[in-house]
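Report on the structure
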Amino acid sequence: QVHQVESGGGLVQPGGSLTVSCAASGGTFGKYALAWFRQVPGQEREFVAFISLAGGNKVYGDSVKGRAAIFRDNGKKTLQLHMTNLRTEDTAVYYCAADRDYHPGSPFPLTQYEYDYWGQGTQVTVSS
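The structure contained in this document is the topic of the report that follows.

Criteria and cut-off values
- Residues numbered from 1 in each chain as written.
- Predicted model: local features only at pLDDT ≥ 70, side-chain atom pairs only at ≥ 80, totals over all residues.
- Heavy atoms only, no water.
- Buried < 20%, exposed > 50% of the residue type's maximum accessible area, 1.4 Å probe, protein only.
- Helix = DSSP H or I, 4+ residues; strand = E, 2+ residues; numbered from the N terminus.
- Pairing = 2+ DSSP bridges.
- Phe/Tyr/Trp six-rings, centres within 6.5 Å; stacked < 30°, edge-to-face > 60°.
- Lys NZ or Arg CZ within 6 Å of the ring centre and 35° of its normal.
- Contact = heavy atoms within 4.5 Å.

On to the pairing of strand S1 (residues 3-7). Where burial is concerned, the two faces of S1 differ: the one with Gln4 and Glu6 is buried and the one with His3, Val5 and Ser7 is not. Bridge analysis of S1 against strand S3 (residues 18-25) gives five bridges, and the strand direction is antiparallel. When the sheet's bridge partners are listed, Ser7 is paired in S3 with Ser21.

Following this line, the structure appears as structure tokens:
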């Protein structure tokens, strides 16, 4: 099985920065498209960022565009999301996800339903 574990969440003040990470094991990390989603209790899971197999293509959700950067290291099997100028609305549980069925050249998967593997999530709280 493919396992993903998020870390790096915590409490940060508005305007601050934070990096959340995801460590994977099992499967073939370098052949999976990866993404970050976030979810607030009672709301739908929201797309945050996408990165292609080799990291050449990145897509960001409108709510974080300009404030987020996604990176992957296929050798270390890690995925990171660096966010700056954090807002209270960024408060959520952040999940890393992997799409094993992604093929280069295909439309980027930007919905949660296209992903096969998920981490347990890490809580990010933006508050003063």
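The discussion continues.
The next thing to look at is the packing of aromatic side chains. Under the defined criterion, the tally for this structure stands at eight aromatic pairs. Consider the rings of Tyr95 and Trp118, whose centres lie 6.5 Å apart with planes at 80°: the pair is edge-to-face. Residue Tyr95 is located in strand S9 (residues 92-99), and its partner Trp118 is located in strand S10 (residues 117-118); the two are separated by 23 residues in the primary sequence. Residue classification places Trp118 among the partly exposed positions, given a relative accessible area of 25%. Taken together, Phe37, Phe47, Tyr95, Tyr115 and Trp118 form an aromatic cluster joined through their ring pairs. In this structure, Arg45 packs its charged tip against the face of Tyr95, placed 4.0 Å from the ring centre. Note that Arg45 overlies the ring of Trp118, its terminal NZ or CZ placed 4.7 Å from the centroid.

Its place among the elements puts Thr88 in the loop between strand S8 (78-83) and S9. Expressed as a C-alpha distance, the spacing of Thr88 and Leu11, which sit 77 residues apart in the sequence, is 11 Å. Apart from the residues within four sequence positions on either side, Thr88 is in contact with Pro14 and Val126.

Most of strand S4 (residues 33-39) sits inside the fold, with six of its seven residues counted as buried. Relative to S9, S4 runs antiparallel, the two being bridged by seven bridges. Following the sheet pairing, Phe37 is matched in S9 by Tyr95. Relative to strand S5 (residues 46-51), S4 is paired through five bridges, and the arrangement is antiparallel. Paired with Trp36 across the strands is Ala49, a residue of S5.

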